[in-house]
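Structure at a glance
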Amino acid sequence: MDSARRVRVTREVLGRCRELGFALAGVCRAEPSRWADELRAWLADERHGDMGYLVDGLDKRLDVGRVLEEVVPGGPPARSVVMVADQYARRAGDDERAMPGAGRIARYARGRDYHRTIKRRLHRLADRLRVEHPGTDFRTFVDTAPVLERELAVRAGLGWQARNTMVIHPRRGSWILLGGFVTNLDLEPPPEQEAWGDHCGSCTRCIDACPTGAITPYRVDATRCVSYLTIERRGAIDEGLFEGVGDWVYGCDVCQEVCPHNSPRADGDDGVPSAYAPRQATLDLLAVLGWGEAERRSAFAVSAMKRARVDMMKRNALIALGNQLQSAPDAAALARIIAIAADPAEPRLVRETARAVRRRLAGG
Ligand code: SF4
Ligand code: SF4
């Protein structure tokens, strides 16, 4: 394919992405990562916590072209990556703190499961392209393949990677969810595709606001990040970080809430698909403490809250409840924490977290 034809096909593909309702879409070549040194240094510092899968699949993660090999062993090499984004929340300053007894859920997990919402449309597009361009192969991903989605998004013109490490688009902000596909279809970024420089300027709001001090410019220490701790961390959370968890029970949005690029503005694009309309923004903490597997499954059924197990959710609920009791004592809630701490039927993680929360409340 010559360059003019590649650009024409690319424009068609990107036009279809817009027809499918994606807020942003762009293309980049399927080239090895340019962030390999940074990622290796971050992993060497052991700032990735329990996310050992980042180390295990590192070589593949650093070379997006290899992702297609898994779908078509011995097939033609991957040439291009199409990246898309859905906006899942409006630009609107800070969130309300949760009502007493409730824990907040990060915005991305409040609506329907974005994995399904995005993948369904990517599959539809890939199926059509496969017919129109015989011999082409595709592998779609939405957090589901070992690829550096944020780097690919930046290379495809969806934004810049900011000091809080999120991808920010100057008009859309950072409330965006990424997905895409790798393909051997030969695409070429059209000249009108934007490339964004760093728009963080001298701002340090996210660094100053992070409740656990997890951010250094362009790097997040996952072992201190509330989002990681509440969703990915399998074991106990360090007591020194309890206060920073605040009233978050699943995820944390603070470094995005304070970002000026997410505040309302006249020229900002703000369309949010109905699939992302919040279904639940908070969870009742005492109810979570009574969960079994069936209740967890039912609460998570169509949401993106998949990764946390029951004992992790109870751990999170205990910490959030303990934080609330610091300023608003509640004898019944305290009695529940004490009972859980002594209940041999509770998983060890839950009992030990209850004991730690109890200790903090007793000032010890
Ligand atoms: S998600 Fe929360 S804890 Fe994690 S870096 Fe952002 S502000 Fe800090
Ligand atoms: S808060 Fe400021 S420094 Fe942080 S990501 Fe937003 S613009 Fe960049």
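Here's a quick rundown of the structure. Worth saying up front: this structure is predicted, and the values here are computed from it rather than measured.

Cut-offs and rules
- Residues numbered from 1 in each chain as written.
- Chains lettered and ligands numbered in written order.
- Predicted model: local features only at pLDDT ≥ 70, side-chain atom pairs only at ≥ 80, totals over all residues.
- Heavy atoms only, no water.
- Helix = DSSP H or I, 4+ residues; strand = E, 2+ residues; numbered from the N terminus.
- Rg over C-alpha atoms; globule rule 2.2 N^0.38 Å.
- Buried < 20%, exposed > 50% of the residue type's maximum accessible area, 1.4 Å probe, protein only.
- Contact = heavy atoms within 4.5 Å.
- Areas by Shrake-Rupley, 256 points an atom, 1.4 Å probe, with all protein chains shown as cover.
- Lys, Arg positive; Asp, Glu negative; His and termini not counted.
- Charge placed at Lys NZ, Arg CZ, Asp CG, Glu CD.
- Phe/Tyr/Trp six-rings, centres within 6.5 Å; stacked < 30°, edge-to-face > 60°.
- Lys NZ or Arg CZ within 6 Å of the ring centre and 35° of its normal.
- Near = heavy atom within 4 Å.
- Nonpolar A, V, L, I, M, F, W, Y, C, P; charged D, E, K, R; others polar.
- Domains from an automatic or database assignment.
- Pairing = 2+ DSSP bridges.
- Axes fitted to C-alpha atoms, helices over the stretch in contact; angles between N-to-C directions.

Let us look at the overall build of the protein chain. Secondary structure summary: the protein chain contains 16 helices and 11 strands in total. A compact globule built from 364 residues should have a C-alpha radius of gyration of about 21 Å, and the protein chain, at 22 Å, falls within 12% of that. Considering only C-alpha atoms, the protein chain reaches an extent of 75 × 45 × 40 Å along its principal axes. Here the protein chain, with 364 residues, has 52% of them falling under the buried criterion. Pairs at least 24 apart in sequence give 77% of the contacts found in the protein chain among residues at least 6 apart. About 16200 Å² of surface is accessible on the protein chain, with carbon and sulfur atoms providing 51% of the total. Charged side chains of the protein chain number 55 positive and 50 negative; the gap between the two group centres comes to 3 Å.

On to the packing of aromatic side chains. One pass over the full model with this rule turns up 5 aromatic pairs. A centroid spacing of 5.9 Å and a plane angle of 80° characterise the contact between Y88 and W175, whose relative ring orientation is edge-to-face. Placement of Y88 in the loop between β2 (80-87) and β3 (102-105) and of W175 in the loop between β6 (167-168) and β7 (176-183) is noted, with a sequence separation of 87 residues between them. Of the two residues, Y88 and W175, neither departs from the other in class, the shared state being buried. Arranged with centres 5.7 Å apart and planes meeting at 80°, the rings of W291 and F300 form a pair that is edge-to-face. Note on accessibility: W291 and F300 belong to one class, buried. The rings of Y250, W291 and F300 are connected pair by pair, giving a single aromatic cluster. If you follow R104 out to its NZ or CZ, it ends over the ring of W248, 4.0 Å from the centre. Here the basic side chain of R121 rests over the ring of F22, its NZ or CZ set 4.1 Å away from the ring centre.

Near ligand 2, the surroundings consist of A162, R163, N164, I168, C200, C203, R205, C206, C259, P260 and H261. Each residue belonging to the shell around ligand 2 can be placed in one class, and the counts come to 7 nonpolar, 2 polar and 2 charged. Viewed by domain, the shell around ligand 2 spans two of them, domain 1 (3-97 + 106-183) and domain 2 (205-263 + 278-361), each represented by three or more residues.

An order of β10-β3-β11 is seen for the 3 strands of this open sheet, with the pairing classed as mixed. Lying at the two open borders of the sheet, with one neighbouring strand each, are β10 (248-250) and β11 (282-284). Direction aside, the axes of adjacent strands within the sheet are offset by 45° on average. In the sheet, β3 pairs with β11 via 3 bridges, with the strands oriented antiparallel. Among the inter-strand pairings, A102 is bridged to a residue of β11, identified as D284. The strands touched by helix α14 (residues 310-327) within the sheet are β3, β10 and β11, with β10 carrying the most contacts at an inclination of about 170°.

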